[in-house]
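Structural features, examined
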Amino acid sequence: MNIQLLALDLDGTVLTVTKDLSMRNIDAIRRAASRGIRIIPTSGRTFGNIPEEILSLPGVTHTITSNGAAVVEMKSGQSIYRQDISAETTAAILEILKEFPVQPSAYIEGQMYDYEQIDLENLKAVHGIGSLDKRIRVPDLAEFIRERGVGVEKLFVLYLDRSCAVAVKEALADIPGILFTSSGECNMEINAAGATKGNALAWLCSRLNIPREAVMAIGDGHNDLTMLSFAGYPIAMENAVEELKAQAVDVTLSCEESGVAHAIERYLDRMDIRCEN
């Protein structure tokens, strides 16, 4: 079956380690879009932190954000699907996290919120955290969320000391209705139990009447496992975690080598050969 939808993770997949988008990837995505293939950025990022150069690519009709907690329709700019953690549960988690050397960020309605007193410039230098200008800083995240009473798409928890990772998960183990995943060794990501890239992608494909067999998904991290499990044509990056490579039908080049373009080009070239024959 021909591919109708291309679900693309961003960091470590479409984007390099330094968050660059190669011209080869741009050209390959444009080529796919010219064949009528929908391009769906599928990221752990909030909508507000997806680069404009990604959103402006041809064929991008929707985005899946915050690990699948939201689906945003590009035409309206509105979330058409949400799987939030409740304000009460989020506040309880944040109170527990105060006991550990971590930096949590809350993803709320497409924006990122941080504690006011955190040295974000140091985090950027040491951990490679970017887009500091797009973060909203508040005195106390837990109190802010309690007062607003709004659901939270995702909590991104950066370990300032990686040795606390196990203890953090144990401290949160009794909180119901949440899901732990990760996009790297130095972080933990917390979503509502139903918020996964795979669930959001399945919902969107159902809405668009696209069978899973017509979906190609490309990713690199643990938070991409459900997305690749859903897709009929799952592709892992060379720099992907081993669990993802084991689930993929093919492993492409690394993010530093425009592996997304390599995968798209190989598929489209094979499609062209079939048409010629």
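Positions within a chain are numbered from 1, following the residues in the order the chain's sequence is written. Given that the model is predicted, a residue must reach a pLDDT of at least 70 before its local features are reported, and side-chain atom pairs must reach 80 or more before they are shown or counted; all residues, however, enter totals for whole chains, interfaces and linings. Side-chain numbers here rest on the full set of heavy atoms in the structure, without hydrogens or water.

Quick look at the overall build of the protein
Secondary structure elements follow DSSP: runs of H or I no shorter than four residues count as helices, runs of E no shorter than two count as strands, and numbering proceeds from the N terminus. Check the secondary structure of the protein and you find ten helices and 14 strands. Against the compact-globule benchmark of 19 Å for 277 residues, the protein has a radius of gyration of 19 Å, which places it among compact chains. For the protein, the spread of C-alpha atoms along the principal axes amounts to about 65 × 35 × 35 Å. Here the protein, with 277 residues, has 52% of them falling under the buried criterion. The contact definition used throughout considers only heavy atoms, calling two residues in contact when any of these lie within 4.5 Å. Taking all contacts inside the protein whose residues are at least 6 apart in sequence as the whole, residues at least 24 apart take part in 59%. Surface accessibility follows the Shrake-Rupley procedure with a 1.4 Å probe radius. Residue values consider only the protein chains on display as shielding. Total accessible area computed for the protein in this model is approximately 12000 Å², and 49% of it derives from carbon and sulfur atoms. With the radius of gyration taken over C-alpha atoms, the globule rule is written as 2.2 Å times the number of residues to the power 0.38. Each residue's exposure class comes from its accessible area (1.4 Å probe, protein chains only) as a fraction of the maximum for that residue type: buried when under 20%, exposed when over 50%, partly exposed otherwise.

Quick word on the nonpolar core
Side chains of nonpolar character tend, in soluble globular proteins, to be buried together. If you look at the biggest cluster of nonpolar residues, it comprises 52 residues, and the most contacted ones within it are I39, L201 and I218. Sorting elements by how many residues they give to this core places helix α10 (residues 259-276) first, with six residues. Those residues in contact with L201 that lie beyond four places of it in its chain are L5, A7, I64, V215, M227 and F230. For this analysis, a nonpolar core means a set of buried residues of the types Ala, Val, Leu, Ile, Met, Phe, Trp, Tyr and Cys, connected via side-chain atoms within 4.5 Å. Core analysis: the next-biggest nonpolar cluster, separate from the first, contains 31 residues, I93, V168, I190 and A192 among them.

A few points about a negative patch on the surface
A surface patch of negative charge is lined by D20, E53, E256 and E257. With respect to the helices, strands and loops of the structure, E256 is situated in the loop between β14 (250-251) and α10. Each patch is assembled from residues with relative accessible area greater than 30% and no salt bridge, linking like charges that lie within 9 Å and nonpolar side chains (Val, Leu, Ile, Met, Phe, Trp, Tyr) that lie within 5 Å. When a carboxyl oxygen of Asp or Glu lies within 4 Å of a side-chain nitrogen of Lys or Arg, that pair is called a salt bridge. Lys and Arg are tallied as positive, Asp and Glu as negative. Neither His nor the chain termini are counted. By convention, charge coordinates are those of NZ in Lys, CZ in Arg, CG in Asp, or CD in Glu.

Quick look at the sheet that holds strand β7 (residues 111-115)
Here we have six strands laid out as an open sheet, ordered β8-β7-β6-β9-β11-β10, and mixed in their pairing. Of all the strands in the sheet, the pair left with one neighbour each is β8 (135-138) and β10 (178-181). Strand-to-strand twist in this sheet, taken as the mean axis angle between neighbours without regard to direction, amounts to 25°. Strands qualify as paired when DSSP identifies two bridges or more between them. As paired strands, strand β9 (residues 154-159) and strand β11 (residues 187-192) are joined by four bridges and run antiparallel to one another. Bridging from a neighbouring strand, F156 pairs with E189 of β11. Every axis in this analysis is a line fitted to C-alpha atoms, fitted for helices over the stretch in contact. Angles between the N-to-C directions lie between 0 and 180 degrees.

Brief notes about the environment of I108
Secondary-structure assignment places I108 in strand β6 (residues 102-108). According to the relative accessible area criterion, I108 is buried, its value standing at 1%. Residues I108 and V251, spaced 143 residues apart in sequence, show a C-alpha to C-alpha distance of 34 Å. Contacts of I108, omitting those with residues within four sequence positions, involve Y113, F144, I145, V150, G151, V152 and E153.

Points about the pattern of salt bridges
Counting across every chain of the model gives 16 salt bridges. Where E242 meets K245, a salt bridge forms, and the shortest distance between an N and an O atom there is 3.7 Å. Of this pair, E242 and K245 both sit in helix α9 (residues 242-247), three residues apart, roughly one helical turn. Using a relative accessible area of 56% as the deciding quantity, one classes E242 as exposed. Across the pair R266 and D250 runs a salt bridge whose closest N-O atoms are separated by 2.5 Å. Taken together, the residues span a long stretch of sequence, with R266 in helix α10 and D250 in strand β14 at a distance of 16 residues. The class of R266 is partly exposed, set by a relative accessible area of 28%. In this structure, a network of salt bridges that share partners links the residues E95, K98, D140, E143 and R146.

Remarks on helix α1 (residues 23-34)
Note that an α-helix has 3.6 residues per turn; residues three or four places apart therefore point the same way. Multiplying one less than the number of residues by 1.5 Å gives the expected span of a helix. A rise of 1.5 Å per residue sets the reference length of α1, with its twelve residues, at 16 Å; its end C-alpha atoms lie 16 Å apart and thus fit the reference within 8%. The complete set of buried residues in α1 reads N25, I26, A28, I29, A32 and A33. Looking down the long axis of α1, one finds its buried residues gathered within 170° of arc, a one-sided arrangement. Opposite the packed face of α1, turned more than 90 degrees from it, sit the exposed residues M23 and S34. Looking one or two residues past α1, G36 carries a phi angle of roughly 85°, positive in sign. In this context, the arc is that of the directions from the helix axis out to the C-beta atoms.

Structural notes on unusual backbone geometry
Keep in mind that most residues, glycine aside, have a negative phi and that most peptide bonds are trans. Even without being glycine, S66 reaches a positive phi, approximately 50°. The residue S66 is located in the loop between β3 (62-65) and β4 (70-73) in this model. Of note in the backbone geometry, N209 takes a positive phi value of approximately 60° without being a glycine. Position of N209 among the secondary structure elements: in the loop between α7 (197-208) and β12 (215-219).

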